[in-house]
Amino acid sequence: MSFAPLIERSPGFGELRNSIIDTGLCSLCGSCSLLCERIDYGEMPFLKDEVSCVTLTGVKKCGTHGCCFDNCPMTSFSKKEVEFAFFGEGSTDLDIGSYRKILSARSTNERILKKAQNGGTVTSLLNFAIQDQSIDPKYTGAIVTRSGGSWNPLPTFASTSENLIESAGSIYSRLPLAGEIRRLLRDKRSIIFVGTGCQTTGVRLYQYNFLKNLPEGAFHLLEIGLFCYENFPYAQFRNAIEDRCKISIDAITKMNVEKGKLVLYAQDKEIIEYPIREFESLVSEGCKLCTNFTAELADISIGSLGSKIGYNTLIIRSEEGLELVEKAEDNNIIETSTGVSIEEIRKIMVRKRKMSEIITTKRLANGQYVPKID
Ligand SMILES: Cc1cc2nc3c(=O)[nH]c(=O)nc-3n(C[C@H](O)[C@H](O)[C@H](O)COP(=O)(O)OP(=O)(O)OC[C@H]3O[C@@H](n4cnc5c(N)ncnc54)[C@H](O)[C@@H]3O)c2cc1C
Ligand code: SF4
Ligand code: SF4
Ligand code: SF4
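Just so it is clear, the model here is predicted, and its values are computed rather than measured.

Strand order in this open sheet of 3 strands is 10-11-12, and the pairing throughout is antiparallel. Edge positions in the open sheet fall to strand 10 (254-258) and strand 12 (269-275), since each of these has one partner strand only. Across this sheet, the average inter-strand angle for adjacent strands is 25 degrees, counted without regard to direction. As judged from the 6 bridges shared by strand 11 (residues 261-266) and strand 12, these two strands associate in the antiparallel manner. The residue of strand 12 that forms the bridge with Leu262 is Tyr274.

What follows is the structure in structure tokens.
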């Protein structure tokens, strides 16, 4: 498989480390390893072989492309250009991005509803798209997140209803999910990727920069983005929950962040509420700088904010996303209604922008990298 080179020279891993990773901007989305096997992940991305990118004369071995840098959602890029390439001309909004339709929705499947975070729309759409033979393109499966035990998030490729339902529910910890695509490039032709704003943006940049050069039908991706206000590093979050809430992580069966509180459940019963601000020190500078609350480059973005409890808000952005949602409505896979409160999303965006401005000012004063995303 060959990729056409980028037009502009890109700095590569050295610059990714200097500008993003070492200055706290990395959200551990995994996009930098989408095309490159030299990167691995611990708490942060690192090179398996420290000298692998650069020869003794300083020339990058991966050529002038440095695709790790170009896929990183924390670097500068033209959002407008990418939106236009994937969504075409359409309605656009400062707080929610480009969109075709906005709906409230909920799964009609009781099993999914029992395991899901909110209205189960994400898992129901995945299950429908992958199992229903009439859907075109034929999706072979989805890259989703499941718990590897004790709420440790793991990337997984799910293609059966059992696997998809197993991965339902939210884990409030970051993971290098996007890197999982590299392993599937050769044999999985058409897949769905589910991730937060940074994860879906990294994958979009990869599609925009590289996949568009592949022959038609060689590899196809649909993205479902999740609303995301902030995310936590797994080990620190786990320890903080156990210390502050005086509970073993293994006793928790569901977590939710709502109205400023982390709510913990055991066997469907709410057992502990704890102010989420008490965990703020764990949130990375990248999450604080990020204003991509509604995953603005995904085909369909899904959250709970703006809809009734137990329902989802859907922002449908692409033609392909709209077709899937409409088929799911026609087949009674999800029930939908209008009347989403965009005002609730705007209020969150005011807070996100304010925090982003504070971080931007601080970074500029310290001479640190600040991406321009316009
Ligand atoms: C870190 C995080 C923060 C969020 N913050 C908000 C918020 O502030 N406001 C809001 O309205 N919604 C937020 N959401 C989205 C919300 O929690 C639900 O995922 C969304 O409403 C879909 O609900 P559902 O019932 O349809 O999902 P389900 O059908 O339960 O499916 C959930 C999907 O989320 C995926 N997933 C779980 N954990 C992760 C993870 N760590 N990273 C990537 N994917 C994951 C699973 O693979 C699954 O496919 C957040 C989600 C995450 C992961
Ligand atoms: S080889 Fe290229 S893509 Fe891989 S880490 Fe080095 S600069 Fe990045
Ligand atoms: S691509 Fe993602 S994982 Fe890699 S440096 Fe950027 S934010 Fe971090
Ligand atoms: S707040 Fe932004 S950077 Fe942080 S995990 Fe969510 S989408 Fe990614």
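After that view of the structure, there is still more to cover.
So, about the sheet that holds strand 6 (residues 141-147). Pairing within the open sheet is mixed, and its 8 strands lie in the order 7-6-8-9-13-14-5-15. Edge strands, defined here as strands with exactly one partner in the open sheet, are strand 7 (153-158) and strand 15 (334-337). Strand-to-strand, the axes of this sheet are offset by a mean angle of 30 degrees, without reference to chain direction.

This next bit is on the site of ligand 3. Around ligand 3, the surrounding shell holds 17 residues, and the nearest of these are Cys26, Cys29, Ser31, Cys32 and Cys72. Residues of the shell around ligand 3, tallied by class, amount to 12 nonpolar, 5 polar and no charged.

This brings us to the pairing of strand 10. Where strand 10 meets strand 11, 5 bridges bridge the pair, whose relative direction is antiparallel. Pairing of Met255 across the sheet is with Leu264, part of strand 11. Between strand 10 and strand 11, which pair antiparallel one after the other, the connecting turn spans 2 residues, and Lys259 there sits at a positive phi close to 45 degrees.

Here we take up unusual backbone geometry. Residue Pro137 is reached from Asp136 by a cis peptide bond, and omega for that bond is 5 degrees. Secondary-structure assignment places Pro137 in the loop between helix 5 (121-131) and strand 6. The backbone of Asp268 shows a phi angle near 70 degrees, a positive value even though the residue is not glycine. Structurally, the position occupied by Asp268 is in the loop between strand 11 and strand 12.

Moving on to the nonpolar core. The biggest cluster of nonpolar side chains holds 80 residues, and the ones touching the most others in it are Cys68, Ala142, Ile192 and Val194. If near-sequence neighbours (up to four positions away) are discounted, Ile192 is found in contact with Leu126, Ala129, Tyr139, Ala142, Leu222 and Ile224. Within the second largest apolar cluster, 9 residues are counted, among which are Tyr172, Phe237, Met255 and Leu262.

Moving on: helix 5. Given 3.6 residues to a turn, an α-helix orients residues that are three or four positions apart in the same direction. For helix 5, the tally of buried residues reaches 10 of 11 residues, placing the bulk of the element in the interior. Restricting attention to buried positions, one finds in helix 5 the residues Thr121, Val122, Thr123, Ser124, Leu125, Leu126, Asn127, Phe128, Ala129 and Ile130.

Let's shift gears to helix 8 (residues 197-209). Helix length check: helix 8, at 13 residues, gives a terminal C-alpha distance of 18 Å against a target of 18 Å (1.5 Å per residue), a fit within 8%. With 12 of 13 residues buried, helix 8 lies mostly within the body of the structure. For helix 8, every residue scored as buried is listed here: Gly197, Cys198, Gln199, Thr200, Thr201, Gly202, Val203, Arg204, Leu205, Tyr206, Gln207 and Asn209. Lining the buried residues of helix 8 we find helix 2 (67-71), helix 3 (79-87), helix 7 (180-184), strand 8 (190-196) and strand 9 (220-226).

As a further point, take the confidence of the model for the chain. Per-residue confidence for the chain gives a mean pLDDT of 91, with 92% of residues at or over 70. Low pLDDT (under 50) marks residues 1-7, which in the prediction has 8 contacts with non-local residues, meaning those over four places away or in another chain.

The buried count for strand 9 comes to 6 of 7 residues, which makes it a mostly enclosed element. Of the strand pairs in this sheet, strand 8 and strand 9 are connected by 7 bridges, and their pairing is parallel. Paired with Phe193 across the strands is Glu223, a residue of strand 9.

Our next topic: the environment of Leu205. Along the polypeptide, Leu205 turns up in helix 8. Residue class for Leu205 comes out buried when judged on the 22 C-beta atoms lying within 10 Å of it. Expressed as a C-alpha distance, the spacing of Leu205 and Leu297, which sit 92 residues apart in the sequence, is 9.3 Å. Excluding anything up to four places from it in sequence, Leu205 contacts Ser31, Asp70, Asn71, Pro73 and Phe77.

Cut-offs used in this document
Residues numbered from 1 in each chain as written. Chains lettered and ligands numbered in written order. Predicted model: local features only at pLDDT ≥ 70, side-chain atom pairs only at ≥ 80, totals over all residues. Pairing = 2+ DSSP bridges. Helix = DSSP H or I, 4+ residues; strand = E, 2+ residues; numbered from the N terminus. Axes fitted to C-alpha atoms, helices over the stretch in contact; angles between N-to-C directions. Near = placed C-beta within 6 Å. Nonpolar A, V, L, I, M, F, W, Y, C, P; charged D, E, K, R; others polar. Core = buried A, V, L, I, M, F, W, Y, C linked by C-beta atoms within 7 Å. Buried ≥ 20, exposed ≤ 12 C-beta atoms within 10 Å, placed from the backbone. Contact = placed C-beta atoms within 7 Å. Expected span 1.5 Å × (residues − 1). pLDDT = per-residue confidence, 0-100.

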